[in-house]
Amino acid sequence: MATSLGSNTYNRQNWEDADFPILCQTCLGENPYIRMTKEKYGKECKICARPFTVFRWCPGTRMRFKKTEVCQTCSKMKNVCQTCLLDLEYGLPIQVRDTGLAIKDDIPRSDVNKEYFTQNMERELANSDGTRPGGQVGKATSSSDMLLKLARTTPYYKRNRPHICSFWVKGECRRGEECPYRHEKPTDPDDPLADQNIKDRYYGINDPVADKLLKRASTMPRLDPPDDKSITTLYIGGLGETVTDGDLKGYFYQFGEIRTITIVQRQQCAFIQFATRQAAEMAAEKSFNKLIVNGQRLTVKWGRSQAARGKEGEGLTEMGTRLDPVPGLPGALPPPPPLDEEAPANYFNLDPSTSPAVMNLTLPPPPGLNPPPPGKLTTNIYSHSNTSPCMKR
Ligand SMILES: [Zn+2]
Ligand SMILES: [Zn+2]
Ligand SMILES: [Zn+2]
């Protein structure tokens, strides 16, 4: 090798060749054995304008074809998906993520400075072990309560649906059932990809979706401790199949001594009784609306007081079945969360009428919830596209 990568801007070696795209779980789609086409230097990156390797794939049946939009250097600099530009860890727009982590973007916008910056960055990334994102994101040390509240823990495949048929909207589509586009009323005000400037989203400015999310985060509900100071028990809901008492102990011991953890399998919930009220209050404050264990977002509420328990009939659940009383437990369970079947576009768990934890209860837990780390995708790459049930734009 005569020259190292990035030593000459006008040299082809500075162009990006990649074997795997860096994608979030949503953009990748449900099928882990997806077919992809790969085109070396297929397009200019929409941020740095350097030619890069473009991947195209269909993320599922009746979904629209997707392709990578920005190069891997730009993606790594911000730790975002190459296609949707949402943060790979939290699934949130860059502006929200950067606000949460108190990161200030230092990427220059002018062409010459940008080129120089990108080159330096590329060198820095090449020398790193690849376990941390590059740029300011990699340097961020604080974690943010707000990000945990807003974070998506499950992929949102609806985001991959075809675009809305513009002919149908005007009443002019003649293709009927055959039409590959969606015959639906526009428009999803929450669609993070609708009518947004890709550069603004990348630099984290003027992003209307981010503004909305940040506003909502500031008005999210709080969990007030009950007046009855004898209550030291928290209700943890939405455990699913995977969360065990060991997981709960592993998380909650940091707040103080735990007296008991009781799991109620049938209700997929648990009661954690702390030795002190102080520990319980601390645990409630730190975990309410932001507790994610094994990829499951858990509901946190306070246990009921003795007085409330007496009124509701000891040992009776909402179903009316009698359970063996467990010593030291609050009797009645909190009412089950309202199940919201098909929530409208809710990209970020943010329906003000239901808590984020409740939203996730309605979703089946798919395997592999976290976005795959760069370079570790289990995709099968073929160099030729095949006939597929998906439509092409
Ligand atoms: Zn780029
Ligand atoms: Zn994505
Ligand atoms: Zn149509």
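About the thresholds
Residues numbered from 1 in each chain as written. Chains lettered and ligands numbered in written order. Predicted model: local features only at pLDDT ≥ 70, side-chain atom pairs only at ≥ 80, totals over all residues. Heavy atoms only, no water. Axes fitted to C-alpha atoms, helices over the stretch in contact; angles between N-to-C directions. Helix = DSSP H or I, 4+ residues; strand = E, 2+ residues; numbered from the N terminus. Parallel < 35°, antiparallel > 145°, perpendicular 65-115°, else oblique. Contact = heavy atoms within 4.5 Å. Nonpolar A, V, L, I, M, F, W, Y, C, P; charged D, E, K, R; others polar. Phe/Tyr/Trp six-rings, centres within 6.5 Å; stacked < 30°, edge-to-face > 60°. Buried < 20%, exposed > 50% of the residue type's maximum accessible area, 1.4 Å probe, protein only. Donors = N, O, S within 2.8 Å, 3.2 Å for Na, K, Ca; no water. Tetrahedral: all angles 85-135°; square planar, octahedral: opposite > 155°, others 65-115°.

**Observations regarding the packing of helix α3 (residues 94-101) against helix α9 (residues 208-218)**
To characterise two packed helices, one gives the angle between the axes of the helices and the distance between these axes. Where α3 meets α9, the axes come as close as 8 Å, and the angle between the chain directions of the two elements is 45°. Between α3 and α9, the crossing angle belongs to the class labelled oblique. In this structure, α3 uses Gln95, Val96 and Thr99 to contact α9, whose residues at the interface are Ala210, Asp211, Leu213 and Leu214. Partitioning the contact of α3 with α9 into residue classes produces four nonpolar, two polar and one charged.

**Observations concerning the packing of aromatic side chains**
The geometry of two aromatic rings is summed up by the distance between their centres and the angle between their planes. In this structure the tally under the stated criterion is six aromatic pairs. Relative to Phe255, the ring of Tyr251 has its centre 5.6 Å away and its plane inclined at 70°; by these criteria the two rings are edge-to-face. Phe255 gets classed as buried once you look at its relative accessible area, which sits at 13%. Between the aromatic rings of Phe252 and Phe274, the centroid separation amounts to 6.1 Å while the plane-to-plane angle is 70°, which identifies the pairing as edge-to-face. Here Phe274 lies in strand β6 (residues 269-274) and Phe252 lies in helix α10 (residues 245-252), a separation of 22 residues in the sequence. Relative accessible area serves as the criterion here: at 0%, Phe274 is assigned to the buried category.

**Here's the deal with the coordination of the zinc ion (ligand 3)**
Protein coordination at the zinc ion (ligand 3) comes from Cys165 (SG), Cys173 (SG), Cys179 (SG) and His183 (NE2), with a distance range of 2.2 to 2.3 Å. Seen from the zinc ion (ligand 3), its four donor atoms lie at angles of 99 to 117°, and the figure they make is tetrahedral. Every donor residue of the zinc ion (ligand 3) comes from the same chain, spaced as C-x7-C-x5-C-x3-H. You can see Cys165 sitting in the loop between α6 (145-150) and α7 (166-169) and its partner Cys179 sitting in the loop between α7 and α8 (198-203), a full 14 residues away along the chain. Neither residue differs from the other here; Cys165 and Cys179 are each classed as buried.

**A word on the environment of Ala49**
Locating Ala49 in the fold gives a position in the loop between β1 (35-44) and β2 (51-57). Using a relative accessible area of 39% as the deciding quantity, one classes Ala49 as partly exposed. Spatially, the C-alpha atoms of Ala49 and Glu115 are 9.2 Å apart, while their sequence positions differ by 66 residues.

**Side note on the coordination of the zinc ion (ligand 1)**
Distances from the zinc ion (ligand 1) to its protein donors, Cys45 (SG), Cys48 (SG), Cys71 (SG) and Cys74 (SG), fall at 2.3 Å. Around the zinc ion (ligand 1), the four donor atoms sit at angles spanning 105 to 118°, and that spread fits a shape best called tetrahedral. Sequence spacing of the donor residues for the zinc ion (ligand 1), all on one chain, is C-x2-C-x22-C-x2-C. Residue Cys45 is located in the loop between β1 and β2, and its partner Cys71 is located in the loop between β3 (66-67) and α2 (72-78); the two are separated by 26 residues in the primary sequence. Under the relative-accessibility criterion, Cys45 is labelled buried at 3%. Exposure remark for Cys71: the relative accessible area of 0% places this residue in the buried category.

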